[in-house]
Amino acid sequence: MSFVLTGLGGSAMRYVLDKMLVTAAGPVGVISGINVGCHGGRAGFALHGTKQPVFILIRTGPERHLQSYKADGAQALSQEIRALCPGLLERFLEDSTGF
């Protein structure tokens, strides 16, 4: 993971598509949110970060239909995923073709 510190006292959220898993049911992808923060003063600074799953994407059946869920298990709409993480849903669909 790489990031650029633009100023102390802030944090930035970004989203990544983790490595796809191939299961008997079909390909599974996880979109995770990464939050990196930096706080400091005259004596120095401290970095902190978290990574947690936000969406779980599954392609199942012979037609490889997409099922998408939020981390709490509730169904997620494609529009929600596209709005929060532009391009990541399309990347999963492209990468999971052929499994």
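Just so it is clear, the structure is predicted and the values come from calculations on it, not from any experiment. (Residues numbered from 1 in each chain as written. Predicted model: local features only at pLDDT ≥ 70, side-chain atom pairs only at ≥ 80, totals over all residues. Heavy atoms only, no water.)

## Topic: the nonpolar core
- Listed in full, the 11 residues of the largest apolar core are Leu17, Ile31, Val54, Phe55, Leu57, Ala76, Ile81, Cys85, Leu88, Leu89 and Phe92.
- Only strand S4 (44–60) and helix H2 (88–95) provide two or more residues apiece to this core. (Core = buried A, V, L, I, M, F, W, Y, C linked by side-chain atoms within 4.5 Å. Buried < 20%, exposed > 50% of the residue type's maximum accessible area, 1.4 Å probe, protein only. Helix = DSSP H or I, 4+ residues; strand = E, 2+ residues; numbered from the N terminus.)

## Some remarks on the confidence of the model for the protein
- Across the protein, pLDDT averages 85, with 87% of residues at or above 70.
- In the predicted structure, residues 1–8 sits below a pLDDT of 50 and forms 12 contacts with residues beyond four places in sequence or in another chain. (pLDDT = per-residue confidence, 0-100. Contact = heavy atoms within 4.5 Å.)

## What to know about the pairing of S4
- When strand S3 (residues 27–41) meets S4, the two strands line up antiparallel, connected through 14 bridges. By the bridge assignment for S4, Gly33 is matched with Gln52.
- Turn length for the S3-S4 hairpin, with the two strands adjacent in sequence and antiparallel, is 2 residues.
- Relative to strand S5 (residues 65–70), S4 is paired through 6 bridges, and the arrangement is antiparallel. Note on S5: the bridge partner recorded for Arg59 is Leu66.
- Where S4 folds back on S5, the antiparallel hairpin that results is connected by 4 residues, among which Gly61 adopts a positive phi of roughly 75 degrees. (Pairing = 2+ DSSP bridges.)

## Some thoughts on the environment of Pro86
- With respect to the secondary-structure elements, Pro86 resides in the loop between helix H1 (78–84) and H2.
- Judged by its relative accessible area of 64%, Pro86 falls in the exposed class.
- In sequence terms Pro86 and Tyr15 are 71 residues apart; their C-alpha atoms lie 9.1 Å from each other.

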